[in-house]
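Listed here are the chains, written in short residue letters.
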Amino acid sequence: MDVGTQRAADPHRSLHSDTGGLPGEHPGRSRDPLVKVAGLAWLEFEKPDLPRAERFLVDFGFTVADRTPEAVVLRGHWAGTPSLVVRRGAGSRFFGPAFAADARADLDRLARATDSRVVPHRGGQAVELTDPSGFPVRVVHGVPDLPALPERGPLPLNFGHDTARANGTQRPARRAAQIQRLGHVVFGTTRFRAALDWYLETLGLIVSDFLYLDGRRERGPVMAFIRCDLGTVPSDHHTLAMALQPRTGYLHSAYQVTDLDEVAAAGEYLRERGYRHAWGIGRHIQGSQIFDYWRDPDRLMFEHYTDGDVFDASMEPGWAPLSASGLSQWGPKATARFTGTRDPGVALAAIKALTDKGNEVDFATLRGLVKAMAS
Ligand SMILES: [Fe+2]
């Protein structure tokens, strides 16, 4: 019996993809993580021109929660911590993520294990860590929540005989999105395996899906979609995704909106205002979200999404080959604008990645990644 059949026959193993892990492959979770974080709290960026950064982010669908000459803090409509902290900096760059600890004691545990300290931060406390890719990672607790803002609910839809809207019309407003909350962040890294294991062992995240290079599965995964382990409570399919790449850096971050009309109408609004579209509208495979990707004026990528999968801790990792066409079930083909393969810096980064010690990129991997992005 093959592994797929075995799993399908075993009611205790629920599998959401065609194939699961084989014996000896990465299990996708740590048996004894240091802590289990409760979620992604916010993302931090640096921007040289704060008013310009704010203009895009408000057009994208955020609301300003706080503004000083040195930083702007942006939020979604749902109650909770803000989604973004954008500080004035020399250039435009992603700084790092902040995860929410489940309990104050988890910060002490993290501080002890990493020889760091718990420090006051934004009205609560934080531990400041660094992941193996070099990203600063904050874990926070006790930061006061912002109250919910009023938002439009999902539109009433007519489905065949099931008419929720008799004698009514459908007129979604073409305006900036009403972002509900931060969903996930995606990094490229030259130290994928080290970073993956760090997030599983240190923050207790668990893998929803692994992608490998076709023909090189035995070399291990090159991308992982990773969620929070909330036990029996379902959690976003991915809060963090990481991919082995010739250079380490931010790829995109994603924000939930209420429904497909919100994704589409907000996209039209961005298009009318002259912003650069990257890819969409489509529906992903890993996570199933309906997505639409945009670039800010400095080319950083931001995603609107709706209708994403949520998994509880019982779901085992799926395994599939990486390909550009495998990033969506429907929608336009993933463009070079999205994959970044035509970015002039990529070739140089690839050469550097081959010569730098301590990273996980070799020539065969680079060739496999290029092939995957063309397939
Ligand atoms: Fe995404």
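Residues numbered from 1 in each chain as written. Predicted model: local features only at pLDDT ≥ 70, side-chain atom pairs only at ≥ 80, totals over all residues. Heavy atoms only, no water.

What follows concerns the overall build of the protein. Along the protein, the regular secondary structure elements total eight helices and 23 strands. A compact globule built from 375 residues should have a C-alpha radius of gyration of about 21 Å, and the protein, at 21 Å, falls within 12% of that. Considering only C-alpha atoms, the protein reaches an extent of 55 × 55 × 45 Å along its principal axes. Within the protein, the proportion of its 375 residues that are buried is 52%. (Helix = DSSP H or I, 4+ residues; strand = E, 2+ residues; numbered from the N terminus. Rg over C-alpha atoms; globule rule 2.2 N^0.38 Å. Buried < 20%, exposed > 50% of the residue type's maximum accessible area, 1.4 Å probe, protein only.)

Close inspection of predicted coordinates is inappropriate in any region flagged by low pLDDT. Taken as a whole, the protein shows an average pLDDT of 93; of its residues, 96% reach a score of 70 or greater. A low-confidence stretch, residues 1-13 stays under pLDDT 50, and its non-local contacts, those more than four residues away or across chains, total 10 contacts. (pLDDT = per-residue confidence, 0-100. Contact = heavy atoms within 4.5 Å.)

A few words now on the coordination of the iron ion. The protein atoms that coordinate the iron ion are His184 (NE2), His252 (NE2) and Glu303 (OE), at distances spanning 2.1 to 2.2 Å. Here the donor residues of the iron ion share one chain and are spaced in sequence as H-x67-H-x50-E. Highlighted residues: histidine 184 in strand E12 (residues 181-189) and histidine 252 in strand E17 (residues 249-256), separated in sequence by 68 residues. Looking at histidine 184, the relative accessible area reads 2%, which means it is buried. Using a relative accessible area of 6% as the deciding quantity, one classes histidine 252 as buried. (Donors = N, O, S within 2.8 Å, 3.2 Å for Na, K, Ca; no water.)

Pairing within the open sheet is mixed, and its eight strands lie in the order E3-E4-E5-E2-E6-E9-E8-E7. The sheet is open, and its two borders are formed by strand E3 (63-67) and strand E7 (118-121), each paired with just one other strand. Sheet twist, expressed as the average angle between the axes of neighbouring strands with direction ignored, equals 30 degrees. Across four bridges, the pairing between E3 and strand E4 (residues 71-75) is antiparallel. Across the sheet, residue valine 64 finds its bridge partner in E4, namely leucine 74. (Pairing = 2+ DSSP bridges. Axes fitted to C-alpha atoms, helices over the stretch in contact; angles between N-to-C directions.)

Attention now moves to the sheet that holds strand E16 (residues 240-244). If you trace the 11 strands from one edge of the open sheet to the other, you get E1-E22-E13-E14-E16-E12-E17-E20-E19-E18-E23, paired in mixed fashion. Of all strands in the sheet, those bounded by a partner on one side alone are strand E1 (19-20) and strand E23 (328-330). For strand E18 (residues 276-284) and E23, the ladder comprises two bridges, and the chain directions are antiparallel. Looking across to E23, one finds that arginine 283 is bridged to tryptophan 330. Where helix H4 (residues 192-203) meets the sheet, its contacts fall on E12, strand E13 (206-212), strand E14 (223-227) and E16, and the angle it forms with E16 comes to roughly 160 degrees. Relative to the sheet, helix H5 (residues 260-272) contacts E18, strand E19 (290-295) and strand E20 (301-306), its axis offset from that of E19 by approximately 20 degrees.

Before going further, it helps to examine the environment of arginine 181. Structurally, arginine 181 can be placed in strand E12. Here the alpha-carbon distance between arginine 181 and threonine 163, two residues 18 residues apart in the chain, equals 30 Å. Not counting residues within four places of it along the chain, the set of residues in contact with arginine 181 comprises Trp78, Ser83, Asp236, Tyr255, Gln256 and Tyr305. Polar side-chain contacts of arginine 181 include one of 2.8 Å to the side chain of aspartate 236. (Polar contact = N/O pair within 3.5 Å; in protein donor to acceptor, adjacent residues only side chain to side chain.)

Counting buried positions over the eight residues of E17 gives seven, a clear majority of the element. The pairing of E12 with E17 spans seven bridges and is antiparallel. Opposite glycine 188, over in E17, you have glycine 249 as the bridge partner.

Attention now moves to the pattern of salt bridges. For the structure on display, the rule yields 23 salt bridges. For arginine 87, the salt bridge identified is with glutamate 44, shortest N-O distance 2.9 Å. Placement of arginine 87 in strand E5 (residues 84-88) and of glutamate 44 in strand E2 (residues 39-47) is noted, with a sequence separation of 43 residues between them. A residue is classified by how much of its surface remains accessible, and glutamate 44, at 2% relative accessible area, is buried. (Salt bridge = Lys/Arg side-chain N within 4 Å of Asp/Glu carboxyl O.)

Turning next to the pairing of E19. Extensive coverage of E19 is indicated by the burial of six of its six residues. Going residue by residue along E19, you find Ile290, Asp292 and Trp294 tucked away on one face and Phe291, Tyr293 and Arg295 tucked away on the opposite face as well. Relative to E19, E18 runs antiparallel, the two being bridged by six bridges. Bridge pairing in E19 places glycine 280 opposite aspartate 292. Linkage of E18 to E19, two consecutive antiparallel strands, is achieved through a turn of five residues, within which glycine 287 is found at a positive phi near 105 degrees. As paired strands, E19 and E20 are joined by six bridges and run antiparallel to one another. Bridged to arginine 295 within E20 is methionine 301.

What follows concerns the side chain of histidine 121. With respect to the helices and strands, histidine 121 occurs in strand E7. A distance of 3.4 Å separates polar atoms of two side chains, one belonging to histidine 121 and the other to arginine 138. Sequence-distant contacts of histidine 121, defined by excluding residues within four places in its chain, comprise Trp42, Glu44, Ala126, Arg138, Val140 and Val143.

With an omega of -5 degrees, the peptide bond running from glycine 280 to isoleucine 281 counts as cis. Tracing the sequence through the fold places isoleucine 281 in strand E18. Even without being glycine, asparagine 167 reaches a positive phi, approximately 60 degrees. Mapped onto the fold, asparagine 167 is located in the loop between strand E11 (162-163) and E12. On the basis of relative accessibility, which here comes to 88%, the residue asparagine 167 falls in the exposed class. The backbone of arginine 299 shows a phi angle near 75 degrees, a positive value even though the residue is not glycine. Relative to the elements of secondary structure, arginine 299 occurs in the loop between E19 and E20.

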